[in-house]
Amino acid sequence: MRMSVWPLLLTVALLGGCRGSTCQELADAYAAVERKAQPCLAQSPLPAFDPNHCEQHRAACDAEDLEQLDEQVECYQRLGTCQADKKDAFLENITRCDDRAPSNTCEAAIF
């Protein structure tokens, strides 16, 4: 019996399309860090980020930059909620995530 590959290809295409753009994922991660920071900080130390501006200038980022941004997003997603007695540790963890920043050219373009 010959099986059709079309259902598999359709599934892969649909699942692949579920992932948002790097810019939107970064914006969502920034918003989540802002919420996670609220218990012990008036505002997170992350800069303002506009996903639309990022999308318009994303061409300045190469594949390695986009990989770095994906790693940065994953790092931000792993952050726990800030606790007043562990504020310094929370800020250190944000700094570790920031270490995964893209090249200066990419960062200047998308921010």
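Above this text you will find the structure in question.
Not measured: the values here are computed from a predicted model.

1. Some points on the packing of aromatic side chains
Tallied over the full model, the rule gives four aromatic pairs. Relative to Phe-49, the ring of Tyr-30 has its centre 5.5 Å away and its plane inclined at 45 degrees; by these criteria the two rings are tilted. With a gap of 19 residues between them, Tyr-30 in helix H2 (residues 22-37) and Phe-49 in the loop between H2 and helix H3 (51-57) connect regions that are remote in the sequence. Phe-49 matches Tyr-30 in its accessibility class, with the two residues each being buried. Taken together, the ring pairs connect Tyr-30, Phe-49, Tyr-76 and Phe-111 into an aromatic cluster.

2. Some thoughts on the pattern of salt bridges
Taken as a whole and assessed by the stated rule, the structure comprises one salt bridge. Linking Arg-96 and Glu-92 is a salt bridge whose minimum nitrogen-to-oxygen distance equals 4.0 Å. One end of the pair is Arg-96 and the other is Glu-92, both in helix H5 (residues 87-98) and four residues apart, which spans about a single turn. Note on Arg-96: relative accessible area 45%, which makes it partly exposed.

Procedures and definitions
- Residues numbered from 1 in each chain as written.
- Predicted model: local features only at pLDDT ≥ 70, side-chain atom pairs only at ≥ 80, totals over all residues.
- Heavy atoms only, no water.
- Phe/Tyr/Trp six-rings, centres within 6.5 Å; stacked < 30°, edge-to-face > 60°.
- Helix = DSSP H or I, 4+ residues; strand = E, 2+ residues; numbered from the N terminus.
- Buried < 20%, exposed > 50% of the residue type's maximum accessible area, 1.4 Å probe, protein only.
- Salt bridge = Lys/Arg side-chain N within 4 Å of Asp/Glu carboxyl O.

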